[in-house]
Amino acid sequence: MKTSKFAGSGFRTVVWAAFVAGSLDIMAAFVVYAIILDKTTPVQILLSIASGVFGKGAYEGGNMMAVYGLLFHFLIALAFALLYFLIYQYTVFPGKHKLLSGIIYGIFIWVVMNRIVLPIAFSGMPAASWDAALLGIAIVILAVGLPIAYIIPTGQRIP
């Protein structure tokens, strides 16, 4: 009897893809927004993520809220890695075109997060400028979309 691909190596692969993508994405956010652009701090970034769940109280929660922010960040990465695994296992396109698949998936993730999730979590959030949007899209493509596309095997159905 065959075991589900997802229950075995598929699950580990999805978790690994989420860990790599989540790590690259949060490091990119720290480097770009906290160090290069000097707009915020790493802790503030993590508190902002936590505030999506806990509201403005997250900014008063200290280090534990920053830990929650990091946990939520990796849960979001896991959700997107799992979604890629579930959607793209039924087509051969991603397997043959990993670079293009990663770019498209990165853009998809940016759109979902910045046009749906963040406006719901942070009502009244102003729209990003074109420069900020392009920078964000580039980060998500490089740090999330491409790693997920290259790590997760595609074109194989779950038995």
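Reading the values: the criteria
Residues numbered from 1 in each chain as written. Predicted model: local features only at pLDDT ≥ 70, side-chain atom pairs only at ≥ 80, totals over all residues. Heavy atoms only, no water. Helix = DSSP H or I, 4+ residues; strand = E, 2+ residues; numbered from the N terminus. Contact = heavy atoms within 4.5 Å. Bend = angle between axes of the 7 residues up to and from the residue. Buried < 20%, exposed > 50% of the residue type's maximum accessible area, 1.4 Å probe, protein only. Phe/Tyr/Trp six-rings, centres within 6.5 Å; stacked < 30°, edge-to-face > 60°. Patch = residues over 30% accessible without salt bridge, like charges linked within 9 Å, V, L, I, M, F, W, Y side chains within 5 Å. Areas by Shrake-Rupley, 256 points an atom, 1.4 Å probe, with all protein chains shown as cover. Salt bridge = Lys/Arg side-chain N within 4 Å of Asp/Glu carboxyl O. Axes fitted to C-alpha atoms, helices over the stretch in contact; angles between N-to-C directions. Parallel < 35°, antiparallel > 145°, perpendicular 65-115°, else oblique. Nonpolar A, V, L, I, M, F, W, Y, C, P; charged D, E, K, R; others polar.

(A) Structural context of the environment of Trp 110. Its place among the elements puts Trp 110 in helix 5 (residues 98-121). Along the primary structure Trp 110 and Leu 134 are separated by 24 residues, whereas in three dimensions their C-alpha atoms are 10.0 Å apart. When neighbours within four sequence positions are excluded, Trp 110 is seen to be in contact with Arg 115, Ala 133, Gly 136, Ile 137 and Val 140.

(B) Geometry of helix 5. Along helix 5, the sharpest kink reaches roughly 35°, centred on Met 113. Of all the residues in helix 5, the buried ones are Ser 101, Gly 102, Tyr 105, Gly 106, Ile 109, Trp 110, Val 112 and Met 113.

(C) Up close: the packing of aromatic side chains. Here the structure, examined in full by the defined rule, presents seven aromatic pairs. Seen in terms of ring centroids, Phe 19 and Phe 74 are 6.0 Å apart; in terms of plane orientation they differ by 15°. Their pairing is stacked. Placement of the pair is Phe 19 in helix 1 (residues 6-36) and Phe 74 in helix 3 (residues 62-88), with a sequence separation of 55 residues. On the basis of relative accessibility, which here comes to 24%, the residue Phe 74 falls in the partly exposed class. On the numbers, 5.9 Å between centres and 35° between planes, the contact of Phe 54 with Phe 72 is tilted. Placement of the pair is Phe 54 in helix 2 (residues 42-54) and Phe 72 in helix 3, with a sequence separation of 18 residues. An aromatic cluster of at least three residues, connected via ring pairs, comprises Trp 16, Phe 19 and Phe 74.

(D) Inspection of the side chain of Ser 51 at higher detail. Along the polypeptide, Ser 51 turns up in helix 2. Assessed through its relative accessible area of 4%, Ser 51 is described here as buried. Sequence-distant contacts of Ser 51, that is, excluding residues within four places in its chain, are made with Ala 58, Tyr 59 and Phe 122.

(E) Summary view of a nonpolar patch on the surface. Taken together, the side chains of Val 53, Phe 54, Met 64, Val 67, Tyr 68, Leu 71 and Leu 75 define a hydrophobic patch exposed on the protein surface, amounting to about 630 Å² of accessible area. Of all the elements in the fold, those that place two or more residues in the nonpolar patch are helix 2 and helix 3. Top contributing element to the nonpolar patch by residue count: helix 3, with five residues. Residue position: Val 67 is located in helix 3. Owing to a relative accessible area of 47%, Val 67 belongs among the partly exposed residues under this scheme.

(F) How the structure looks around the packing of helix 2 against helix 3. Remark: helix 2 packs on helix 3, axes separated minimally by 7 Å, with the N-to-C direction vectors making an angle of 75°. Here helix 2 lies roughly perpendicular to helix 3, going by the angle between them. When helix 2 is examined against helix 3, the residues Val 43, Leu 46, Leu 47, Ile 49, Ala 50, Val 53 and Phe 54 are found in contact with a partner set consisting of Gly 62, Met 65, Ala 66, Tyr 68, Gly 69, Leu 70, Phe 72 and His 73. Partitioned by chemical class, the residues of the contact of helix 2 with helix 3 number 12 nonpolar, three polar and no charged.

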